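Fold and contact review
Residue-level listing of the chains:
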Amino acid sequence: DAGVIQSPRHEVTEMGQEVTLRCKPISGHDYLFWYRQTMMRGLELLIYFNNNVPIDDSGMPEDRFSAKMPNASFSTLKIQPSEPRDSAVYFCASSHSGSAGNTIYFGEGSWLTVV
Amino acid sequence: AQSVTQLDSQVPVFEEAPVELRCNYSSSVSVYLFWYVQYPNQGLQLLLKYLSGSTLVKGINGFEAEFNKSQTSFHLRKPSVHISDTAEYFCAVSDTGTASKLTFGTGTRLQVTL
């Protein structure tokens, strides 16, 4: 299995620009998660989907953040406009509801720097 | 809601020495417990998980953890560490009802030296 695939792996952008992060979950998984990792706040769950439907977006920090899942094999996390405090590693993860304990599998992360 | 406390932000240890990374959780409902490892510049990888049954759980790379319900703990142990175990270790919890939503601790940096 290819695992969770994220792109881009690294992104450097200027403040005010739009940033789009992409994720391809593991085939057959019906849950998809977006996490953000920073030194100050650790790992935070931003939003998660079940069967392409957003279930809980309470972790999305502001209206500047939005996430979509148009189909079972693709999701995006968009930041518009970006700010320096958005600099972080953004992880996409997926799981299958049929597996015991619903083990979550993480991608390698998208390292975002906003200057 | 659940919460996880990892009591040590950093744990330095010499190679071949034993190590214990501590994790305590708080929840009003039944939980599943997990340990993940993050190597530098990589994503998180599952080490082991406790769902039910035996309280001693064995994982990959020689790690094991013990679930203690009365102390609400899930400490991670390894009898003899290697340099390659240097990484960040995260304890996580989910309730058995919404089993897919993990709450992570702040992580413990394990630094193994010669």
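The sections below set out a description of the structure shown in this document.

What counts, and at which threshold
Residues numbered from 1 in each chain as written. Chains lettered and ligands numbered in written order. Predicted model: local features only at pLDDT ≥ 70, side-chain atom pairs only at ≥ 80, totals over all residues. Heavy atoms only, no water. Contact = heavy atoms within 4.5 Å. Helix = DSSP H or I, 4+ residues; strand = E, 2+ residues; numbered from the N terminus. Nonpolar A, V, L, I, M, F, W, Y, C, P; charged D, E, K, R; others polar. Disulfide = S-S within 2.5 Å. Polar contact = N/O pair within 3.5 Å; in protein donor to acceptor, adjacent residues only side chain to side chain. Pairing = 2+ DSSP bridges. Axes fitted to C-alpha atoms, helices over the stretch in contact; angles between N-to-C directions. Salt bridge = Lys/Arg side-chain N within 4 Å of Asp/Glu carboxyl O. Buried < 20%, exposed > 50% of the residue type's maximum accessible area, 1.4 Å probe, protein only. Phe/Tyr/Trp six-rings, centres within 6.5 Å; stacked < 30°, edge-to-face > 60°.

Let us now look at the interface of chain A and chain B. Listed by partner, the interface residues are 20 residues for chain A and 17 residues for chain B. The set of elements that each furnish at least two residues to the side of chain A that touches chain B consists of β4 (31-38), β5 (42-50) and β9 (88-95) of chain A. Counting residues per element, the side of chain A that touches chain B draws most heavily on β4 of chain A, at four residues. A per-class count over the side of chain A that touches chain B returns 11 nonpolar, six polar and three charged.

Once that is clear, we can look at the state of the cysteines. Residue and element names in this part refer to chain A. Applying the stated criterion across every chain yields a total of two disulfides over all chains. Across a sulfur-sulfur distance of 1.8 Å, Cys23 and Cys92 are joined as a disulfide pair. Here the S-S torsion is close to -70°, and the disulfide linking Cys23 with Cys92 is therefore left-handed. Here Cys92 lies in strand β9 and Cys23 lies in strand β3 (residues 19-24), a separation of 69 residues in the sequence.

Attention shifts here to the side chain of His75 of chain B. Residue and element names in this part refer to chain B. Structurally, the position occupied by His75 is in strand β9 (residues 73-78). Within the local environment of His75, its side chain forms a polar contact with the backbone nitrogen of Cys23, the two atoms lying 3.0 Å apart. Among residues more than four places away in sequence, those in contact with His75 are Glu20, Leu21, Arg22, Cys23, Asn24, Trp35, Glu64, Ala65 and Glu66.

All names here are of chain A. An order of β1-β3-β8-β7 is seen for the four strands of this open sheet, with the pairing classed as antiparallel. The sheet terminates laterally at β1 (5-7) and β7 (65-71), the two strands that pair on one side only. Taken over all neighbouring pairs, the strand axes of this sheet differ in orientation by 15° on average, direction set aside.

This part covers the pattern of salt bridges. Counting across every chain of the model gives 13 salt bridges over all chains. One salt bridge in this structure joins Asp8 of chain B and Arg22 of chain B, with 2.9 Å as the shortest N-O distance. On the criterion of sequence distance, the pair formed by Asp8 of chain B in the loop between β1 (3-5) and β2 (10-14) and Arg22 of chain B in the loop between β3 (19-21) and β4 (24-26) is long-range, its members being 14 residues apart. Its relative accessible area of 33% is what places Arg22 of chain B among the partly exposed residues. One network of salt bridges, with partners in common, ties together Glu62, Arg64, Glu83, Arg85 and Asp86 of chain A.

A full pass over the atoms with the stated rule returns 15 aromatic pairs over all chains. Ring centres of Tyr31 of chain A and Phe33 of chain A lie 6.1 Å apart, and the angle between their planes is 10°; on these two criteria the pair is classed as stacked. Of the residues examined, Tyr31 of chain A reaches a relative accessible area of 17% and is grouped as buried. When the centroid spacing of 4.4 Å and the interplanar angle of 25° are considered together, the rings of Tyr50 of chain B and Phe67 of chain B count as stacked. Taken together, the residues span a long stretch of sequence, with Tyr50 of chain B in strand β6 (residues 44-50) and Phe67 of chain B in strand β8 (residues 64-68) at a distance of 17 residues. Phe67 of chain B carries the same exposure label as Tyr50 of chain B, and that label is buried.

This next bit is on the environment of Leu51 of chain B. Mapped onto the fold, Leu51 of chain B is located in the loop between β6 and β7 (56-58). Along the backbone, Leu51 of chain B and Phe90 of chain B are 39 residues apart, and their C-alpha atoms lie at a distance of 17 Å.

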